[in-house]
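Each chain, letter by letter, is given below.
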Amino acid sequence: MLDKKYNPFTLIRSYKLQTLKKDFISGITLFVMLVPQGMAYAMLAGLPLIMGLYASTLPLIIYALFASSRHLSVGPTAITSLLVFSGVSLLEKPGTYEYITLVIFLALMVGIFQLLLAVLKMGMIVNYISPSVLGGYTSAAAIIIGLSQLKHLLGITLGTYLQIHLIFMDLINAIPKIHFLTLLIGGCSIVFLLVLKRINTRIPGALLLIVFSIISVYAFDLHERGVQIVRGVPSGLPIPVFPTITLDAVRQLILPALTIALLGFMESLSIGKTIAEKEGYKINPNRELTALGFANFLGSFFQILPINGSFSRSAVNYQSGGVTQMVS
């Protein structure tokens, strides 16, 4: 799976103080993004918010030890969360114990598939996939992701559909039930983020918004006026647990797992290669498969959802001066 000359601790031996300063600043910047994103993507996948935070911790360290990309930031992503939801919600109701168990097992299977592909040296398989297919898939996923969050923006209840016309039909019927205070908060939040992004992309808009919203809810008792809040989030790290394996679960999840394994790898590799070309180094596809495979496989013992490289966080990592995987 790995180059015989590869040593994950080579980075530490050659590490310099100046590099540490750059990586530290970039790491803090990514942390600010990853906390709210991790929780939001867990919600998108129909999971408890804490699982998004679990997926934002140990898998990053595991990936960093084996990766060939110096800048790729891994963790929960929107597209993978949508694939998790679409694959598992057909089998169990989102949020239930059975649903969570299947998602954890799904992460294990994704890791196994990626490790198998690495053993077979199938990293270059992405060269045979049309960019138009990836573009169409990404665009469609973005539309569905946006529409799936309307229920939170409007404070209403919508069905868990992946078909756009069904979402719109539910939305029309639910218009009289829109919670206007929730809509006002959501709309102002979107405007706030867009304005800050135009002013300076390095301003931690997501963090500022979260802090301001916490203060507002506490000061004005908005949760007593119908605004839904996160409420309790478990503290501490999860106890290692071996995912529940059954033949029926394998049969039901084999196609979603293979899909997520391939698309997650392709998305990760495309991001990593783009930045690597700008910085003048090369990405080893099989090492990337190995790194992602171990991150998903071992991470599944700590109750994660499947993870892969993130477009937005990798770009921020690069723009904020990150130099190595020590950022993770």
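Residues numbered from 1 in each chain as written. Predicted model: local features only at pLDDT ≥ 70, side-chain atom pairs only at ≥ 80, totals over all residues. Heavy atoms only, no water.

Participant: Tell me what's going on with the nonpolar core, and back it up with residues and numbers.
Facilitator: Nonpolar side chains tend to gather and get buried jointly when the protein is soluble and globular. Counting residues in each nonpolar core, the largest one holds 56 residues, and the members touching the most others are Leu-47, Tyr-63, Val-88 and Leu-106. Broken down by secondary-structure element, the contributors of at least two residues to this core are α2 (17–44), α3 (49–54), α4 (58–66), α5 (78–88), α6 (97–119), α12 (247–279) and α13 (285–299). At 14 residues, the largest contribution of residues to this core is made by α6. For Leu-47, the contacting residues outside a window of four places in its chain are Ala-42, Tyr-99, Ile-100, Val-103 and Leu-305. One finds Leu-147, Leu-154, Ile-156 and Ala-174 within the second-largest nonpolar core, a separate group that totals nine residues. (Core = buried A, V, L, I, M, F, W, Y, C linked by side-chain atoms within 4.5 Å. Buried < 20%, exposed > 50% of the residue type's maximum accessible area, 1.4 Å probe, protein only. Helix = DSSP H or I, 4+ residues; strand = E, 2+ residues; numbered from the N terminus. Contact = heavy atoms within 4.5 Å.)

Participant: Give me the lowdown on the packing of α12 against helix α14 (residues 311–319), citing residues and values where you can.
Facilitator: Put simply, α12 and α14 touch, their axes get as near as 10 Å, and they point 20° apart. Between α12 and α14, the crossing angle belongs to the class labelled roughly parallel. When the axes of α12 and α14 are compared, the crossing they make is right-handed. Contacts from Glu-267, Ser-270, Ile-271, Ile-275, Lys-278 and Glu-279 in α12 reach Phe-311, Ser-314 and Tyr-318 in α14. Of the residues that constitute the contact of α12 with α14, the class distribution is four nonpolar, two polar and three charged. (Axes fitted to C-alpha atoms, helices over the stretch in contact; angles between N-to-C directions. Parallel < 35°, antiparallel > 145°, perpendicular 65-115°, else oblique. Left-handed = near helix turned anticlockwise from the far one by under 90°. Nonpolar A, V, L, I, M, F, W, Y, C, P; charged D, E, K, R; others polar.)

Participant: Quick rundown of a nonpolar patch on the surface? Include the residues and the values.
Facilitator: A contiguous nonpolar surface patch, about 510 Å² in accessible area, is contributed by Leu-17, Leu-20, Phe-24, Ile-25 and Ile-28. By secondary structure assignment, the location of Leu-17 is in helix α2. (Patch = residues over 30% accessible without salt bridge, like charges linked within 9 Å, V, L, I, M, F, W, Y side chains within 5 Å. Areas by Shrake-Rupley, 256 points an atom, 1.4 Å probe, with all protein chains shown as cover. Salt bridge = Lys/Arg side-chain N within 4 Å of Asp/Glu carboxyl O.)

Participant: So, the pattern of salt bridges: which residues are in play, and what are the values?
Facilitator: Under the definition given, this model contains one salt bridge. Here Asp-248 makes a salt bridge to Arg-251, at a shortest N to O gap of 2.5 Å. One end of the pair is Asp-248 and the other is Arg-251, both in helix α12 and three residues apart, which spans about a single turn.

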